[in-house]
2 protein chains.
Amino acid sequence: MRIIKEAEERKNEILDVAERLFGSKGFDNTSTNDILNEIGIARGTLYYHFKSKEEILDAMIDRMMKRLIEKAREIVSQKDVPVLQRLTMMMLSLHVSEGNFNQEILEQVHKPQNALMHQKMQERLLAGITPLITALIREGIAQGICQTDYPEEAVEMTFLYVNVAFDDLMEQSEEEKQKKIAAFIYHLERILQMKEGSMKEAIMPLFHKQRMPGSASHPYVK
Amino acid sequence: MRIIKEAEERKNEILDVAERLFGSKGFDNTSTNDILNEIGIARGTLYYHFKSKEEILDAMIDRMMKRLIEKAREIVSQKDVPVLQRLTMMMLSLHVSEGNFNQEILEQVHKPQNALMHQKMQERLLAGITPLITALIREGIAQGICQTDYPEEAVEMTFLYVNVAFDDLMEQSEEEKQKKIAAFIYHLERILQMKEGSMKEAIMPLFHKQRMPGSASHPYVK
DNA sequence: ATAAAATAAACCGACTGTCAGTCTGAAAGG
DNA sequence: CCTTTCAGACTGACAGTCGGTTTATTTTAT
């Protein structure tokens, strides 16, 4: 029995499976056979739609990052929410959004074997999100909440740090985590020359109820 | 013809070649055959000394980082040199030391295909160097030159940024580079709450002669 | 002491299994 | 007729294994 689908539809089907398999087993440990067996298509079909395994990875990451960046864009555009809260929401959205899917993939992604995937994702994310956060910071500067001569670089610096240092945060003890977060806020306030404690004050409203890790929703985040 | 060597000697021979080949072609694009052909040993010999290709990579990085960290340790221990100059030297040593070897490997290392190598090196480097720089910062704090409640995290943040952002600095235009560096110093001064411009003043003495990129020696660096 | 025997260390290279990617040619859908 | 799919055999490259060999060192026997 032969099922014909539109190219786009089939591609997405492939990407869905790839996303699940790469996410659960990693890129190197997923063979192209795994993918095409799971879907039930022939080898030729896979290579009709993608010209290499790496192209599948790239397309998958592309699709994924587009989703994330779209969410981020929505957050930034909520002009009625205070700047600093939107900033916090941005940070959070990258680590808890999409149900617990990102959780699962993040656990995979920072294993050494998935370095390629990790780097590609980080590159994309950085390129896509930096301008958005930068815009946010400029808003903050305009409002006199913060100040820096190099908003773009300030964002790069902090965002990069969040992504690398907080990636393997899960392996740390609870107090270690708290310290890392506190230190980050502390230094973020310095970089952006904010009133001491103003960042913490912005974060608190988002946590007024205790949250189970990685699940329940924030008041603003989707 | 059969040449028998002591294990250590042979291992180092293998690592030498691996270092050169991984450095010039990347990890994935270097086959185990490339390595053993170049040395003129058999397949079995290679696997007698190392149990996998990845173990070769790990050992190579280990050896490399030990050298780097040793140099860094020497720099830190030069108590007669002002703290901020030593700090600068640390940063520089990681990007220009060892002749122009690092240059070559750094160019390779930040290509997407070498993500694994890059990540492993960064992890090692971060773990090895952070404590050294942190000690330096504590000296600075004791001298009243800078101040932070979280020296360790401040170091992690800045050092991580240097490594990631300055890795692909070579591809940027000259003015882009200058801006990035200026921004970094600007924010570093803020993070460590230093007198504005004090970092720049510390850097200048190291550059009193114009230097050819990546070659001639600094007054203090080795 | 010294030759022979045993042990260990280093080495060899053919072989295996896996996997990404190619190719051909036919058939179904629209 | 043109896009999509099928089937799957094939290639070439590669990491890793294995049984066996050579060289060096130590032990034992004489």
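Residues numbered from 1 in each chain as written. Chains lettered and ligands numbered in written order. Predicted model: local features only at pLDDT ≥ 70, side-chain atom pairs only at ≥ 80, totals over all residues. Heavy atoms only, no water.

(A) Seen up close, the packing of aromatic side chains. All chains considered together, the criterion is met by six aromatic pairs over all chains. Centre to centre, the rings of tyrosine 150 of chain A and tyrosine 186 of chain B are 5.1 Å apart; their planes meet at 75 degrees, and the pair counts as edge-to-face. With tyrosine 150 of chain A in the loop between α7 (115–142) and α8 (151–165) and tyrosine 186 of chain B in helix α9 (residues 174–191), the pair connects residues from two separate chains. Here tyrosine 150 of chain A and tyrosine 186 of chain B have matching classes, each one buried. A ring pair is formed by tyrosine 161 of chain B and phenylalanine 184 of chain B, whose centres lie 6.1 Å apart and whose planes are at 25 degrees; its orientation type is stacked. With a gap of 23 residues between them, tyrosine 161 of chain B in helix α8 (residues 151–165) and phenylalanine 184 of chain B in helix α9 connect regions that are remote in the sequence. Accessibility classification places tyrosine 161 of chain B together with phenylalanine 184 of chain B in one group, the buried group. If you follow lysine 11 of chain A out to its NZ or CZ, it ends over the ring of phenylalanine 50 of chain A, 5.7 Å from the centre. Here the guanidinium or amino end of lysine 53 of chain A rests over the ring plane of phenylalanine 27 of chain A, the centre of that ring lying 4.4 Å away. (Phe/Tyr/Trp six-rings, centres within 6.5 Å; stacked < 30°, edge-to-face > 60°. Helix = DSSP H or I, 4+ residues; strand = E, 2+ residues; numbered from the N terminus. Buried < 20%, exposed > 50% of the residue type's maximum accessible area, 1.4 Å probe, protein only. Lys NZ or Arg CZ within 6 Å of the ring centre and 35° of its normal.)

(B) A look at the side chain of arginine 190 of chain B. Positionally, arginine 190 of chain B belongs in helix α9. There is no salt bridge for the buried arginine 190 of chain B, and the closest opposite charge comes from aspartate 149 of chain A, which lies 5.6 Å off by N-O distance. Within polar-contact distance, the side chain of arginine 190 of chain B engages the side chain of glutamine 193 of chain A at 3.5 Å. Arginine 190 of chain B has contacts with Gln147, Thr148, Arg190, Ile191, Leu192 and Gln193 of chain A, leaving out every residue within four places of it along the chain. (Lys, Arg positive; Asp, Glu negative; His and termini not counted. Salt bridge = Lys/Arg side-chain N within 4 Å of Asp/Glu carboxyl O. Polar contact = N/O pair within 3.5 Å; in protein donor to acceptor, adjacent residues only side chain to side chain. Contact = heavy atoms within 4.5 Å.)

(C) Structural detail: the protein's contact with DNA strand C. Around DNA strand C, the structure places 23 residues, and the nearest of them are Arg43 and Lys53 of chain A together with Gly44, Thr45 and His49 of chain B. Close to the protein, within 4 Å, the atoms of DNA strand C are drawn from sugar and phosphate at a rate of 60%. Within the backbone of glycine 44 of chain B, an N or O atom sits 3.0 Å from a base oxygen of DNA strand C. Measuring from a phosphate oxygen of DNA strand C, one finds a side-chain N or O atom of histidine 49 of chain B at 2.6 Å. Mapped onto the surface near DNA strand C, the elements with two or more residues apiece are α3 (43–49) of chain A together with α1 (7–25) and α3 (43–49) of chain B. Looking at the surface near DNA strand C, the element that brings in the most residues is α3 of chain B, giving five residues. (Near = heavy atom within 4 Å.)

(D) Here's a closer look at the confidence of the model for chain A. Put simply, chain A has an average pLDDT of 84, and 83% of its residues get 70 or more. Between residues 209–222 of chain A, whose pLDDT stays under 50, and residues either more than four places distant or in other chains, the model counts 19 contacts. (pLDDT = per-residue confidence, 0-100.)

(E) Geometry of the interface of chain A and chain B. Residue-level contacts link 32 residues of chain A with 32 residues of chain B. For the pairing of chain A and chain B, the buried interface totals around 2900 Å² over both sides, and the portion due to carbon and sulfur atoms is 63%. Here glutamate 153 of chain A ties to lysine 179 of chain B by a salt bridge, and the two come within 3.9 Å at their closest N and O atoms. Counting across the interface, chain A meets chain B through 10 residue pairs in polar contact (both at pLDDT 80 or more). Only α7, α8 and α9 (174–191) of chain A provide two or more residues apiece to the side of chain A that touches chain B. (Buried area = accessible area lost by both parts, 1.4 Å probe.)

(F) Focus on the packing of helix α7 (residues 115–142) of chain B against α8 of chain B. All names here are of chain B. With their axes 8 Å apart at the nearest point, α7 and α8 run at an angle of 130 degrees to one another. With respect to their mutual orientation, α7 and α8 come out oblique. The chirality of how α7 crosses α8 is right-handed. Contact residues: α7 offers Gln122, Leu125, Leu126, Ile129, Thr130, Ile133, Thr134, Ile137, Arg138 and Ile141, while α8 offers Pro151, Glu152, Val155, Glu156, Phe159, Leu160, Asn163 and Val164. (Axes fitted to C-alpha atoms, helices over the stretch in contact; angles between N-to-C directions. Parallel < 35°, antiparallel > 145°, perpendicular 65-115°, else oblique. Left-handed = near helix turned anticlockwise from the far one by under 90°.)

(G) Fine view of the relation of the copies chain A and chain B. When chain A is fitted to chain B, the residual RMSD is 0.1 Å, and the transformation amounts to a turn of 180 degrees plus an axial shift of 0.1 Å. Such a combination of rotation and displacement between the chain copies is what one expects of a two-fold axis. Mapped onto chain B, 97% of the interface residues of chain A are again interface residues, and the two copies thus contact each other with one and the same surface. (Least-squares fit on C-alpha atoms with pLDDT ≥ 70 in both.)

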